[in-house]
Amino acid sequence: AQHLNHVCIAVRDIEDTLRFYQDVFGTVGADIEDLEDQGVRATLLRVGGSQLELIEPTEPAGSVARFIESRGEGLHHMCFEVEDLPGTLKRLDGAGVELIDSAPRDGLSGSIAFIHPKATRGVLIELVDSDTARR
């Protein structure tokens, strides 16, 4: 990993949470985007040299809604920038690391893929290709 791109928090109300971070921490407002294929509304907030991602479920049966239902609002995943995401995924798969995505896909942060939490001591980890990463 080259850089921590963002830490993601799953929330019930993205607008309210965005206002909280702006009022309390002085973060700069960001556009909220609908990511229909992931069943969320999401935004990235600049925090120093990294970012904070907020996601709100839009699909009641989706994975983020289920996450909040079972665990409550809170830390959802961490995202690391890597060089050559396809090559990184092949290397991880060859080493027996359980992946959610075997190939890169488009995401809010760029070209992304997820590693299964079973392989990372319980933490969902997103990887973003450094060539496409939004910073």
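We now turn to the structure provided with this report.

Criteria and cut-off values
Residues numbered from 1 in each chain as written. Predicted model: local features only at pLDDT ≥ 70, side-chain atom pairs only at ≥ 80, totals over all residues. Heavy atoms only, no water. Patch = residues over 30% accessible without salt bridge, like charges linked within 9 Å, V, L, I, M, F, W, Y side chains within 5 Å. Areas by Shrake-Rupley, 256 points an atom, 1.4 Å probe, with all protein chains shown as cover. Salt bridge = Lys/Arg side-chain N within 4 Å of Asp/Glu carboxyl O. Lys, Arg positive; Asp, Glu negative; His and termini not counted. Charge placed at Lys NZ, Arg CZ, Asp CG, Glu CD. Helix = DSSP H or I, 4+ residues; strand = E, 2+ residues; numbered from the N terminus. Buried < 20%, exposed > 50% of the residue type's maximum accessible area, 1.4 Å probe, protein only. Pairing = 2+ DSSP bridges. Polar contact = N/O pair within 3.5 Å; in protein donor to acceptor, adjacent residues only side chain to side chain. Contact = heavy atoms within 4.5 Å. Axes fitted to C-alpha atoms, helices over the stretch in contact; angles between N-to-C directions. Disulfide = S-S within 2.5 Å.

1. Section: a negative patch on the surface
Here is step 1: On the surface, a cluster of negative charge is contributed by Glu36, Asp37, Glu59 and Asp106.
Here is step 2: Position of glutamate 36 among the secondary structure elements: in the loop between β2 (33-35) and β3 (40-47).
Here is step 3: For glutamate 36, a relative accessible area of 69% translates into the label exposed.

2. Things to note about the pairing of strand β5 (residues 74-82)
Here is step 1: Alignment of strand β1 (residues 3-10) against β5, held across 7 bridges, turns out to be antiparallel. Residue pairing for β5: valine 7 is matched across the bridge by methionine 78.
Here is step 2: Across 5 bridges, the pairing between β5 and strand β8 (residues 125-129) is parallel. Each bridged residue has a counterpart across the sheet, and for glutamate 81 the counterpart in β8 is valine 128.

3. Things to note about unusual backbone geometry
Here is step 1: Positioned with a positive phi, aspartate 84 is a non-glycine residue whose angle comes to about 55°.
Here is step 2: Examined against the element boundaries, aspartate 84 turns out to sit in the loop between β5 and α3 (85-94).
Here is step 3: Given the relative accessible area of 47%, aspartate 84 is considered partly exposed.

4. Notes on the side chain of histidine 77
Here is step 1: Within the fold, histidine 77 resides in strand β5.
Here is step 2: Using a relative accessible area of 4% as the deciding quantity, one classes histidine 77 as buried.
Here is step 3: Here histidine 76 takes part through its side chain, which lies 2.9 Å from a polar atom of the side chain of histidine 77.
Here is step 4: For histidine 77, the side chain forms a polar contact with the side chain of glutamate 126, separated by 2.8 Å.
Here is step 5: What histidine 77 contacts, discounting residues up to four positions off in sequence, is His6, Val7, Cys8, Glu53, Phe114, Leu124 and Glu126.

5. Concerning the sheet that holds strand β7 (residues 110-115)
Here is step 1: The 8 strands lie next to each other as β2-β3-β4-β1-β5-β8-β7-β6, forming an open sheet whose pairing is mixed. Every interior strand has two partners, whereas the edge strands, β2 and β6 (105-107), have only one. Between one strand axis and the next, the sheet turns through 35° on average, direction left out of account.

6. Structural notes on the pattern of salt bridges
Here is step 1: Per the stated rule, a full pass over the model turns up 8 salt bridges.
Here is step 2: With a shortest N-O distance of 3.7 Å, glutamate 73 and arginine 12 are connected by a salt bridge. With a gap of 61 residues between them, glutamate 73 in the loop between α2 (63-71) and β5 and arginine 12 in the loop between β1 and α1 (14-25) connect regions that are remote in the sequence.
Here is step 3: Here glutamate 56 and arginine 41 are joined by a salt bridge, their closest N and O atoms 3.1 Å apart.

7. Thoughts on the state of the cysteines
Here is step 1: Counted by the stated rule, this structure contains 0 disulfides.
Here is step 2: Between cysteine 79, a cysteine without a disulfide, and cysteine 8, which holds the nearest cysteine sulfur, the sulfur-to-sulfur distance is 9.4 Å.
Here is step 3: Of the residues examined, cysteine 79 reaches a relative accessible area of 0% and is grouped as buried.

By themselves, these observations are geometric and do not establish any function.
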